[in-house]
Number of protein chains: 2
Amino acid sequence: MSLRYALLALLTAEPLTGYDAAKRFGGSVGHVWHAPDSQIYPELRRMEKEGLIEGEQVRWGPKSTKTRYSITDSGVLAFREWMDSPLDYAPVRDAAHMRAAYFEWADPDSARDCLRRHIDHYADQIACWTVVRAAIVDATNATIAVRLRKYPAEEHERIVAFKAFAYDGLIARGEVEIEWARKGLELLDKVSPEKY
Amino acid sequence: MSLRYALLALLTAEPLTGYDAAKRFGGSVGHVWHAPDSQIYPELRRMEKEGLIEGEQVRWGPKSTKTRYSITDSGVLAFREWMDSPLDYAPVRDAAHMRAAYFEWADPDSARDCLRRHIDHYADQIACWTVVRAAIVDATNATIAVRLRKYPAEEHERIVAFKAFAYDGLIARGEVEIEWARKGLELLDKVSPEKY
């Protein structure tokens, strides 16, 4: 259900074709709410049927057209209502922590690999989030650039600050995951020393 | 798919009826891999069909019987294989961070509420994880108590340490979420001061 609010969030910046929405999604709201293209297209069609967005045919190449979606007043209202409603929290489903809890069943070298991959995974994620955050802060990110054009200059700092704040949270969480995995490697060295 | 490994993990401690497995799940592996009872019962039946666990009829009250499931050699093998295989990471789907990124669309008081609920949510979770962690460390937790009986005393410290380590990770993550939400409240005070 959150996918539609992610798409509404994206469309508050500017009208987009399904193709552009899917492309923008990955470099923007998709960092906090991942969705594959195969979910994005049908969700846009459902949202159009429900009147949250409306499509118009636009030129696409010399002989073809595409549907470009704009958020409607009813879409803006739905997005604001969602923004002002309490959030549900999904219960924890965390395979890495689950596995760590049963490391006595793993080969110690596999357990080490698992934690090293955990570190690599979050290091990659942090690198990516850091790049996106920087492009938001200097407004070179495509979505933030068009978004800011709709607001008076005195609002820009605030809008950018909220987005940077969201990425700060992801980065801080990634750092905690890396720190946790490093402690796990130390624990394994203590209780299951590597054999040479 | 991870649900079956969570159930296998639980059944490595002792044989359980479906009812007891569902009950134990919530106080044990369910903290890292949540599943509702409605998923646990059918998964146990599928696992029995696939030979990962086997059921035997046991007395239940004066006139009735119930199926009690034990892990089979093939179940132990499947669990070990999972333990030694690389993990897939689910992409981020985080409604709280998504919402924070668009706080310019929220009423500032709703944004504050959202962050305060975030703090309360993780404070509750941390309190719960801390209690479970303590019961694991002093072996008063029902699942760890029976699990340890199967191992020589010199293995106990290691087994307990892995489980405590998993909870340490959850707790550290919860603390980072609280810290993040507190920074968000400071940010809101700066960019959207409360009106008196």
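Residues numbered from 1 in each chain as written. Chains lettered and ligands numbered in written order. Predicted model: local features only at pLDDT ≥ 70, side-chain atom pairs only at ≥ 80, totals over all residues. Heavy atoms only, no water.

As annotated in an unreviewed UniProt entry, chain A is PadR family transcriptional regulator from Rhodococcus artemisiae.

Enquirer: Explanation requested: the layout of surface pockets in the structure shown.
Expert: A probe matching the size of a water molecule, rolled over the atoms, marks out where space remains unfilled. Of the voids in this model, the largest pocket is the one considered here, and its volume is about 1500 Å³. In this structure, the largest pocket is lined by 48 residues; those nearest its centre are Ala 90, Pro 91 and Arg 93 of chain A together with Pro 91 and Arg 93 of chain B. Element by element, the count of residues in the lining of the largest pocket is highest for helix α6 (residues 108–137) of chain A, at 5 residues. Partitioning the lining of the largest pocket into residue classes produces 26 nonpolar, 10 polar and 12 charged. (1 Å grid on protein atoms, 1.4 Å probe; cavity = no way out; pocket = protein on both sides within 12 Å on 5 of 7 lines; lining within 4 Å. Points joined across faces, edges and corners; volume = space filled by probe spheres on them. Helix = DSSP H or I, 4+ residues; strand = E, 2+ residues; numbered from the N terminus. Nonpolar A, V, L, I, M, F, W, Y, C, P; charged D, E, K, R; others polar.)

Enquirer: Explanation requested: the interface of chain B and chain A in the structure shown.
Expert: If you look at the interface, chain B gives 75 residues, while chain A gives 75 residues. Together, the buried faces of chain B and chain A total about 7100 Å²; carbon and sulfur atoms form 66% of this surface. Taken together, chain B and chain A are joined by 6 salt bridges. Here Lys 163 of chain A makes a salt bridge to Glu 104 of chain B, at a shortest N to O gap of 2.8 Å. Put simply, chain B and chain A have 32 residue pairs in polar contact (both at pLDDT 80 or more) between them. Those elements that place two or more of their residues in the side of chain B that touches chain A are α1 (2–11), α4 (73–83), α5 (95–101), α6 (108–137) and α8 (153–191) of chain B. Of the residues contributing to the side of chain B that touches chain A, the split by class is 43 nonpolar, 15 polar and 17 charged. (Contact = heavy atoms within 4.5 Å. Buried area = accessible area lost by both parts, 1.4 Å probe. Salt bridge = Lys/Arg side-chain N within 4 Å of Asp/Glu carboxyl O. Polar contact = N/O pair within 3.5 Å; in protein donor to acceptor, adjacent residues only side chain to side chain.)

Enquirer: I'm lost on the sheet that holds strand β1 (residues 16–17) of chain A in this one. Help?
Expert: In any sheet, the strands associate via hydrogen bonds between backbone groups, in a parallel or an antiparallel arrangement. All names here are of chain A. Here 3 strands make up an open sheet; going across it, the order is β1-β3-β2 and the pairing antiparallel. Only two strands of the sheet have a single partner each, and these edge strands are β1 and β2 (53–60). The strands touched by helix α3 (residues 37–49) are β2 and β3 (64–71); relative to β2, the strand with the most contacts, the crossing angle is about 120°. (Pairing = 2+ DSSP bridges. Axes fitted to C-alpha atoms, helices over the stretch in contact; angles between N-to-C directions.)

Enquirer: How do you make sense of the pattern of salt bridges when you look at a structure like this?
Expert: Think of it this way: side chains of opposite charge can pair up when their charged atoms draw near. In total, this model carries 30 salt bridges over all chains according to the counting rule given. Note that Glu 155 of chain A is salt-bridged to Arg 158 of chain A, the shortest N-O span being 3.1 Å. One end of the pair, Glu 155 of chain A, and the other, Arg 158 of chain A, are both in helix α8 (residues 153–191), 3 residues apart, so they sit about a helical turn from each other. With a relative accessible area of 27%, Glu 155 of chain A lands in the partly exposed category. The salt bridge involving Arg 68 of chain B is made with Glu 56 of chain B; its shortest N-O contact spans 2.9 Å. With Arg 68 of chain B in strand β3 (residues 64–71) and Glu 56 of chain B in strand β2 (residues 53–60), this pair connects stretches of sequence that are 12 residues apart. Relative accessible area serves as the criterion here: at 38%, Glu 56 of chain B is assigned to the partly exposed category. Connected through shared salt-bridge partners, Arg 4, Glu 43, Arg 46 and Glu 50 of chain A make up one network. (Buried < 20%, exposed > 50% of the residue type's maximum accessible area, 1.4 Å probe, protein only.)

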